[in-house]
Structures are given as C-alpha cells and as structure tokens.
Amino acid sequence: MTLNDISRKLFKNSRKQYGLFFFSVVFSIAMTGAYGVLQYSPTVTNVLVDGGSTQTISQAMFFGSMLGIIVFLVYADSIFLKYKSREIGIFLSLGIDRRSVQKIVVKEYTLLFQFAVFVGLLLSVPLAYLCWSLLNLFLETQETAFSIGWVGLIIAVLFSLLNWFILRTINRRYIKNVDILKIIKTSDENETAKSGNLFLLILGALLVPAGIVAFFTLQNIGGFLNTLLAFVGLAGAVLGVYLLIIQCASIGDILKKYNDKAYYKNLVFYNLLKQKIRQYTRSIFVATLLITFTTFGIGFIAAGFIDGYNVALNEPYDYTINATYEHPMTESRIEEIAEESNAVITSIKHIDCLLLGVQNNYKNGERDWGSRIVVSEDNFNVLSGAAISVPKGSYTVYYDSSMEYKLNAFSAESSLFYNPTTEQEFYFIQNEPICYDGLFNTRSVFSSFLILNNDDYRTLAATLADEYRAVSYMVNVENWQDTMDFQNNILKAVISDNNGVIFTNWHNSATFEKTGSQAEYLPFDGNETKIARLWSLYPLSKLSSTTTQFEAFATYLMLMLFIAIVAFVSAVMVIGLKLISTIWDDAEVYNDLRRLGMKRKKIKGLITKQMLFVYFIPTVLGCIIGAFTTYRIMLVSGVIYIGETMQLVGCVCGLVLIIQIAIFFVLRSRVMRNYA
C-alpha cells in the first residue's frame, strides 16, 4: 500500500470532519464576499457620505465581522486538526519524518482550503444579489438597484489569503511540535482552565457598559486624545465581553463557593463546561459580537427613520417651500396652486436669506470653509415673536436643540466671512448663541443659521448675486394628510422653475472658490429619490417626509438590514458548529456516563444544558449589548424619540430570540436522535 493509498483511506474515514471544515470555509468566504460586494458597490457608495456615521459604522462592522470570522476559522481549523491528529500520528508512527508529514498535511489542507475559497467567492455575488433582491421586494427605489462592488470582492480575496497564511502557519507549527504519545490520547485531553472568579465576572459586567459609554461620549467630544481614549474604552468593552464569557463558562467554580449544593447537583455539567472553556470562549465570543452587530445595525438605522418620521409629524409647519431668487416662488402663486389642488391654506409666512461663506473654527483648533444661511434680525423677530438685537459688525448663531452639534464650528470669538460675488473677506464678532425649538421645521435648511444686524444684512444683499439669495415659505393647511395633489403640484412647479435640472449642492456654493468644489447638476427625471436626499431646497412636507424622504434613504436601511442578516446568519452558523463539535467531543463522556448507570433521561438533560449554554449565552449577551450600544449612540446623536426606537430594538431582540429558540429545538431533536 502506497502513501497515497493510506491518505485516501484516511480521507474516506474522516469525510464528516473534512466536510465540516470545507463548509466552514465556504460559508465564511461567501458571507465576507457578499458583504464586501454590497458595502463597496456603487449602489451604496453613491449614497453614503464619505466619513459619515453610517459609512464609518458599516465599515467598522464589516472589518469587525472579518476579525470574528478569522477567530471562527481558527477554531474550525483546530477542530479539523484535532481529528487530523490521529492521521498525523499514523504517518509519524510509520517512520515518516515531520517535514514530510508537514508537506502531506499542508498540501492536502491547501487543496481543500483553496477549493473551498473558490466556491465561496463564486457564491458571494449570487448570495449578495439574492439578499438584496429580497430586500428590494419591500424597499425598491431608483437608487437600490443591485450592482457589484469589485473592491469588496478583492478585499474578500485578500482576506482569504490572510486566512490561508494564518491557518497554514498554525498547522505547520502544530505538526512541528506535536508529541506522538499525546496524539494517541488527544481525544481524551482537555485544556486546563483557571478557576472561576466572582470579581472578574463583576469586572466584565462593568467594563462592557463603561467602555461603550466612554467610546461614544469621547468620540462625540472629538480631538486626538479623546478619540484615542474612546478606542481604549471600546477595547475595554470587548475585553469585558471576553471576561464575561470566560467566567460564565467557569460559573461552576463561583457557584461552588456560594452554593455548593447547587454545584454538586450539576457536577458533571459544570466540569464539562470548564474542561472545554477555551473552545467555548472563542465561539461564544464571536457569536456574541455578531448578534451585537445584528441588534445594533438595525437599531442604529431605525433610529434615524423613526426619529425623522416622528419629528416630521410634529413639525410646526405642514409645508416648507424653498426657492432661490433665480427661480422665484411667490405667496400668490402658492395660493393659486393650493386652490387648484383643493387644499385650504390656513397660514403662510416667509423668510428671506443669503448664502455666505464662513470659516469654521472647531474646538480642536482645526479650520475649514463652509456655506452658511444668513437672515436679518427684523425678519427673524417677525417670525419668532422675539425681540433680539444684533449689534452692527456681529452675528448670532440660531439653532434648534437637535442641531446643537453645529456650535462646534463656532468656538472662536469671531469668524471670517466671505462674499462669493465680490470675493471680499471680513470679520464679524460672535454673540451669545440662541436656541428655539418649534420655530422652524427641523428638516429644513433653517434648523440652524446666522442672524445679522439689519444694516449689515442689507449691505451684503445689495452686493450679492441672486444665485446666493433664497426665500422659504412656511405653509399650514387643513388636513395635511389629504393634500397629496398640492404636494405633487408644488413639486412640479419648483422643478419647472429650475427647468427640470437641479443644482443639487447649492447649499455649498458660496465656498466653491475656497474648497475647490464645483456645481453639480442633475436632471430631475430619473433622479427623483437622489435629489430628494441631496437637494437642500427640496420642497418638504409632512407627506413627503413619510413617503418620498423615506424612499430617498432606503439604501441606508437596506444596507444595515443586509449587515444584520449576514451577522445573524453567521452567528447561527458559529453556534451551530460549536454545538456539533461539542457533542462530538463529549460523545465518549456520554457513553461513560451510561456505563456508570446514568439514565437516558439524565443524559438528555445534560446535553440540553450544554446546548442551552452554548446557544443562548451569545444570544442574550448580544441582544443586551446591542440594545445598550444603540441607546448610547442615540443619546450622543441628538435623537429625540429614543423610547420609540428602543421599543423597536426590543422587538428585534424578541424576534432574534424566537428564531433562536426555533433553531435550538430543531438542533436539539437531531442531536438527541444521534447521541442520546
């Protein structure tokens, strides 16, 4: 019998282990590739703002998932090596030197891994298309058509090479250092574990919330030192999760100190947990992170939609109709359109404004240029009913409470202004900012602006071209829910005034010369949802905020839902693999217990307890941590309707738990049929 014949014979006897490792690699690469294909597809990158919170979080979750998958594959490889060790022992016992055994095993592993990667990469695009198409059934818009992100696929290839290098190094080192006598007894050996510690359990439970609070709080403050400390806090939270899982696996030691009767009642169960602690820790840690991503991903994007929807319903005005002086809109024309649309206007107000360049002075010392809306003190006082006075040569920042973060750009005592028509620069002194809520619609451009002295305003207006002057009409109607025709006709009128071509970045136009940017125009036809998302002068209404504006941000929602699906399915697979390996590992223990007289019912109970621990520790921890993380990011992001969002997060956690329970009972029935 040749060496190849021996290898083939051994392969046939271990088909189940080979299949498990092959499937683990295929699944991991397919999920990573599908994630990358969508994360970097034009469908998503054309919508996500560079450096925006959604882009940052989605990419962080992408690379976080990749780290989790690396841990998962290392674990899957360790299971593969464990069953492969007997084959290695046979080769060594035949007198074959370790270098030759290394070549045999590494060659076999490489072929298996490369074929699995190839299959996984082939499946990644169809998997991404299938998931995206399924989501498109509910949220299809012009901007949600499927497209392939080749960069994401390249990242998946590089990720595969990294995994191959890591696993290959682990395998070579294992064969180099393995002891043939230990190989013979490998199935009976367990890794030694430290005793459980109540202090470490409490420390882990405290580190998780403290780290999450520190991360979002310090990130929101900004600055290099705060950012560095924020990531230290995040690392502390991750460490806390790890400590919690280790101590949960060693819970028997803790219980023994405080309730020995309960410990001895389940002695076998607690010792099995402790014996497998390192294996439990890895898989449960990865699964916990993935379920955290699932809960947080849905909660994070849902917060924006829920908050936007509820804010829209409680806006002070039913309609905000904006126009530049190049493309004017008048009160009489709005009233005519309302009459034609069978809408009854109950009140109408207007505010004139200018668009000027202002140098932003941030708290961290950085500076850049931005375009700012400017109004006169008289116009503001008429609309607000206030009586503020702005001294000549100065300005006052107005903001509603949801826009408080914009004060970060006005940290100096004065600001440099820029007239885009005359190209003149001049300083204005900053007065104490003022904050009113319910004065303007928060989703309009007037959620934050600068107020100038009347004389200063008139002087600037006289020198400023019409393209930098705008007017906004705030309109209330009877029964806004029944004014769809009015909304559509207003939109048609505004688009017609702009000749069907929209200046989408008008809000930045005052500083094009300073920033090197250029005007961007889009035809309205074929770009309706993109324009609704980008154009600051888009005519807003409570109706559009619950329909058109929802569709405009559908890509954000679909991306985060896809991330949640990938993370959840990955978590299920990680837990499933751990359950299978756990039962395989402990099959001899169950046989020994049967021989010692333990009844079938008791053995079933033992298996069920192990499965419950492996399956529901990551589910419960992931849901709790994901919900708390969502809550913290809402607190620092100025989200108003936090309670409504947390209700949805609670429903998501409930759904995850229900799905997990259903899968658990299916797996349990199969395990009991095979091993009990």
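Bear in mind the structure is a predicted one, so any value in this text is a computation, not a measurement. (Residues numbered from 1 in each chain as written. Predicted model: local features only at pLDDT ≥ 70, side-chain atom pairs only at ≥ 80, totals over all residues. Heavy atoms only, no water.)

(A) Fine view of a positive patch on the surface. Taken together, the side chains of Lys265, Lys599, Lys601, Lys602 and Lys609 define a basic patch exposed on the protein surface. A total of three residues in the positive patch trace back to one element, the largest contributor, which is helix α23 (residues 600–636). Its place among the elements puts Lys599 in the loop between α22 (554–595) and α23. Owing to a relative accessible area of 63%, Lys599 belongs among the exposed residues under this scheme. (Patch = residues over 30% accessible without salt bridge, like charges linked within 9 Å, V, L, I, M, F, W, Y side chains within 5 Å. Areas by Shrake-Rupley, 256 points an atom, 1.4 Å probe, with all protein chains shown as cover. Salt bridge = Lys/Arg side-chain N within 4 Å of Asp/Glu carboxyl O. Lys, Arg positive; Asp, Glu negative; His and termini not counted. Charge placed at Lys NZ, Arg CZ, Asp CG, Glu CD. Helix = DSSP H or I, 4+ residues; strand = E, 2+ residues; numbered from the N terminus. Buried < 20%, exposed > 50% of the residue type's maximum accessible area, 1.4 Å probe, protein only.)

(B) Representation of the nonpolar core. Phe21, Val25, Met61, Phe562 and Phe613 are the most contacted members of the largest nonpolar core, which totals 101 residues. Ranked by residue count, the leading element in this core is α22, at 16 residues. Not counting chain neighbours up to four residues away, the residues in contact with Phe562 comprise Ala34, Tyr35, Leu38, Ala128, Cys131 and Leu135. Within the second largest apolar cluster, 73 residues are counted, among which are Tyr317, Ile334, Ile351 and Leu355. (Core = buried A, V, L, I, M, F, W, Y, C linked by side-chain atoms within 4.5 Å. Contact = heavy atoms within 4.5 Å.)

(C) Spatial organisation of the pattern of salt bridges. For the structure on display, the rule yields five salt bridges. Here Asp497 ties to Arg333 by a salt bridge, and the two come within 2.6 Å at their closest N and O atoms. Of this pair, Asp497 sits in helix α17 (residues 484–497) while Arg333 sits in helix α14 (residues 331–340), and the two are 164 residues apart along the sequence. For Asp497, a relative accessible area of 18% corresponds to the buried category. For Arg333, a relative accessible area of 26% corresponds to the partly exposed category. Linking Lys514 and Glu425 is a salt bridge whose minimum nitrogen-to-oxygen distance equals 2.2 Å. Taken together, the residues span a long stretch of sequence, with Lys514 in helix α18 (residues 512–515) and Glu425 in strand β6 (residues 425–430) at a distance of 89 residues. A residue is classified by how much of its surface remains accessible, and Glu425, at 43% relative accessible area, is partly exposed.

(D) Representation of a nonpolar patch on the surface in the model. Residues Phe224, Leu225, Leu228, Leu229 and Val232 make up a contiguous nonpolar surface patch of about 540 Å² in total accessible area. Take Phe224: it is sitting in helix α9 (residues 224–249).

(E) Examining the confidence of the model for the protein chain more closely. Per-residue confidence for the protein chain gives a mean pLDDT of 81, with 83% of residues at or over 70. For the stretch residues 181–192, pLDDT sits under 50, and the model shows 18 contacts to residues farther than four places along the chain or on other chains. (pLDDT = per-residue confidence, 0-100.)

(F) The pairing of strand β5 (residues 414–418), seen in detail. Summarising burial for β5: four of the five residues are buried, a large majority. For strand β2 (residues 345–361) and β5, the ladder comprises two bridges, and the chain directions are antiparallel. Within β5, the position partnered with Gly357 by the bridge is Tyr418. Between β5 and β6, which pair antiparallel and follow one another directly, the connecting turn spans six residues, one of which, Glu423, has a positive phi of 60°. (Pairing = 2+ DSSP bridges.)

(G) The arrangement of empty space enclosed by the protein in detail. The full count for this structure, using the stated rule, is five cavities of 30 Å³ or more. Estimates place the volume of the largest cavity at around 60 Å³. Around the largest cavity, the lining residues are Ala312, Glu315, Tyr317, Asp318, Asn441, Arg443, Ser444, Leu540, Ser541, Lys542 and Ser545. The set of elements that each furnish at least two residues to the lining of the largest cavity consists of β12 (540–541) and α20 (542–546). For the lining of the largest cavity, the class distribution of residues is three nonpolar, four polar and four charged. (1 Å grid on protein atoms, 1.4 Å probe; cavity = no way out; pocket = protein on both sides within 12 Å on 5 of 7 lines; lining within 4 Å. Points joined across faces, edges and corners; volume = space filled by probe spheres on them. Nonpolar A, V, L, I, M, F, W, Y, C, P; charged D, E, K, R; others polar.)

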